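The residues making up each chain are set out below.
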There are 2 protein chains.
Amino acid sequence: MLSKKTKYAFHALTYLGKNKDQGAILISEISEKHNISHKFLENILLELKKAGFLGSKKGKGGGYYLIKEPREIPLSRIIRLLDGPIALLPCVSLNYYEPCEECENQEQCGLNKVMIEVRDETLKILEMKTLQDILSNE
Amino acid sequence: MLSKKTKYAFHALTYLGKNKDQGAILISEISEKHNISHKFLENILLELKKAGFLGSKKGKGGGYYLIKEPREIPLSRIIRLLDGPIALLPCVSLNYYEPCEECENQEQCGLNKVMIEVRDETLKILEMKTLQDILSNE
DNA sequence: ATAAAACCTACAAATTATATAGAGTAAATG
DNA sequence: CATTTACTCTATATAATTTGTAGGTTTTAT
């Protein structure tokens, strides 16, 4: 399951996507519409900004706004950013690889092999689906 | 990512699958081969037994053994048993459904719609791949 | 009877996720 | 230029979950 952090990130991105032409949007506005703790959401939006998805403006009239096209934001990027690996095991993760402690020889591990296939199939979906798909469904 | 519990379960099932014709196998044997805490593994094997995947024999000469065909144990069943939902959101889980707290109207939620598609694609893989596939790769 | 090994319940420790606090910085405005 | 607004940053607190441990109970073979 996704963490709340990631789920909230999707809600926020969706909201910003829907209101793309309204300029900067307040954290408060998003947090109220989606019943998300203001401060918690603050951290999330900041991460999304640092990762290059959002822009922001400080001071009165400030807020956040999308700086990428929704179709250029695949689910995989958001999930990786906030939740970490998409792979089911550390030993098959592309972005967060770590060997499994209990495994003496990864090369001979059948679980490893199968999980690579699962990862590849999962990635196909999560890289294909984008924020645009979420927006199209609202 | 899978929990260690689920990962260990797969290791244990694989070990039991490989040694299918050796009769009952000790928890200790599996825990030593895979560097898994004996007591922790005990709990896991018990769950697998209660769920109908394993049989056991108590007392001297006892141990655990597979009572299902490896090809009849899809990854999805083990993951669901030990880790819970496969879906990325509670509101799209088939076996552990819960509405999202922050969501006023699930019917109008684009994230919900997209995550249903992701779930269906993920399930395709996890229901197709079985313990047999792991065994074939060792 | 004894030893071996699964079974069971409860708890402890560690880790991670979620949320909050409070001061700092930048921008707008009158 | 003072004030208000709202994002930025770091640190910490709280809660939940995962991981692991303890210790006894039951069953079985010899």
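Residues numbered from 1 in each chain as written. Chains lettered and ligands numbered in written order. Predicted model: local features only at pLDDT ≥ 70, side-chain atom pairs only at ≥ 80, totals over all residues. Heavy atoms only, no water.

Enquirer: Which parts of the structure should I look at to understand the protein's contact with DNA strand C?
Expert: Around DNA strand C lies a shell of 27 residues, among which Lys39 of chain A together with Glu42, Lys49, Ser56 and Tyr64 of chain B are the nearest. Counted by atom, the contact set of DNA strand C within 4 Å of the protein is 67% sugar and phosphate. A distance of 3.2 Å is found between a sugar or linking oxygen of DNA strand C and a side-chain nitrogen or oxygen belonging to Lys58 of chain A. Note that a base nitrogen of DNA strand C is positioned 2.9 Å from one of the side-chain N or O atoms of Glu42 of chain B. Of all the elements in the fold, those that place two or more residues in the surface near DNA strand C are helix H1 (4-18) and helix H3 (38-50) of chain A together with helix H3 (38-50), strand E1 (54-57) and strand E2 (63-66) of chain B. (Near = heavy atom within 4 Å. Polar contact = N/O pair within 3.5 Å; in protein donor to acceptor, adjacent residues only side chain to side chain. Helix = DSSP H or I, 4+ residues; strand = E, 2+ residues; numbered from the N terminus.)

Enquirer: Help me understand the packing of aromatic side chains, please; the structure alone is not making it clear to me.
Expert: Two measures describe an aromatic ring pair: the distance that separates the ring centres and the angle between the ring planes. Residues and elements named next belong to chain A. On inspection of all chains with the given rule, the structure shows 2 aromatic pairs over all chains. With a centroid separation of 5.9 Å and 85° between ring planes, the pair formed by Tyr8 and Phe40 is classed as edge-to-face. Placement of Tyr8 in helix H1 and of Phe40 in helix H3 is noted, with a sequence separation of 32 residues between them. Overall, Phe40 belongs to the partly exposed group, its relative accessible area being 35%. (Phe/Tyr/Trp six-rings, centres within 6.5 Å; stacked < 30°, edge-to-face > 60°. Buried < 20%, exposed > 50% of the residue type's maximum accessible area, 1.4 Å probe, protein only.)

Enquirer: Could you clarify how one ought to interpret the relation of the copies chain B and chain A in this entry?
Expert: The operation relating the two chain copies consists of a rotation about an axis and a shift along that axis. Mapping chain B onto chain A calls for a rotation angle of 180° and an axial translation of 0.0 Å; the resulting RMSD is 0.0 Å. Given the turn and translation reported, the copies of this chain are related as if by a two-fold rotation axis. Relative to the rotation axis, the closest C-alpha in chain B is found at Thr122 of chain B, a distance of 3.1 Å. Comparing interface residues between copies, 100% of those in chain B also sit at the interface in chain A, which points to an isologous, same-surface contact. (Least-squares fit on C-alpha atoms with pLDDT ≥ 70 in both. Contact = heavy atoms within 4.5 Å.)

Enquirer: Sorry if this is basic, but what is going on with the interface of chain B and chain A here?
Expert: In many analyses, interface size is given as the accessible surface area lost on bringing the parts together. With 40 residues of chain B in contact, the opposing surface of chain A contributes 40 residues. Interface area, chain B with chain A, both sides summed: about 3500 Å², of which 66% is carbon and sulfur. If you look at where chain B meets chain A, you find 6 salt bridges. Lys4 of chain A serves as the salt-bridge partner of Glu101 of chain B, at 4.0 Å between the closest nitrogen and oxygen. Summed over the shared surface of chain B and chain A, the number is 10 residue pairs in polar contact (both at pLDDT 80 or more). Where the side of chain B that touches chain A is concerned, the elements lending two or more residues are helix H1 (4-18), helix H4 (75-83), helix H5 (110-128) and helix H6 (131-136) of chain B. A per-element tally of the side of chain B that touches chain A places H5 of chain B first, with 11 residues. For the side of chain B that touches chain A, the class distribution of residues is 21 nonpolar, 7 polar and 12 charged. (Buried area = accessible area lost by both parts, 1.4 Å probe. Salt bridge = Lys/Arg side-chain N within 4 Å of Asp/Glu carboxyl O. Nonpolar A, V, L, I, M, F, W, Y, C, P; charged D, E, K, R; others polar.)

Enquirer: Is there a simple way to explain the protein's contact with DNA strand D in this structure?
Expert: Within the structure, DNA strand D sits among 26 residues, and Glu42, Lys49, Ser56 and Tyr64 of chain A together with Lys39 of chain B are positioned closest to it. Taking all atoms of DNA strand D within 4 Å of the protein, the share assigned to sugar and phosphate is 67%. Take Ile27 of chain A: an N or O atom from its main chain is 3.2 Å from a phosphate oxygen of DNA strand D. Lys60 of chain B has a polar backbone atom sitting 3.5 Å from a base oxygen of DNA strand D. Looking at the surface near DNA strand D, the elements that each hand over two or more residues are H3, strand E1 (54-57) and strand E2 (63-66) of chain A together with H1 and H3 of chain B. It is H3 of chain A that provides the largest number of residues to the surface near DNA strand D, a total of 5 residues. Broken down by class, the residue content of the surface near DNA strand D amounts to 7 nonpolar, 7 polar and 12 charged.

Enquirer: How should the domain arrangement of chain A be read in this particular structure?
Expert: All names here are of chain A. As far as domains go, chain A holds domain 1 (4-66) and domain 2 (70-136). Inter-centroid distance (C-alpha atoms) of domain 1 to domain 2 is 26 Å. With 15 residues of domain 1 at the contact, the number on the domain 2 side is 12 residues. Buried area between domain 1 and domain 2, both sides added, is near 1200 Å², and the carbon and sulfur share of it is 81%. If you sort the residues of domain 1 by the area they bury against domain 2, Thr6, Phe10 and Phe53 come out on top, with a joint share of 44%. Summed over the shared surface of domain 1 and domain 2, the result is 0 salt bridges. The interface formed by domain 1 and domain 2 includes 1 residue pair in polar contact (both at pLDDT 80 or more). When residues of the side of domain 1 that touches domain 2 are traced back to their parent elements, those giving at least two are H1 and H3. (Domains from an automatic or database assignment.)

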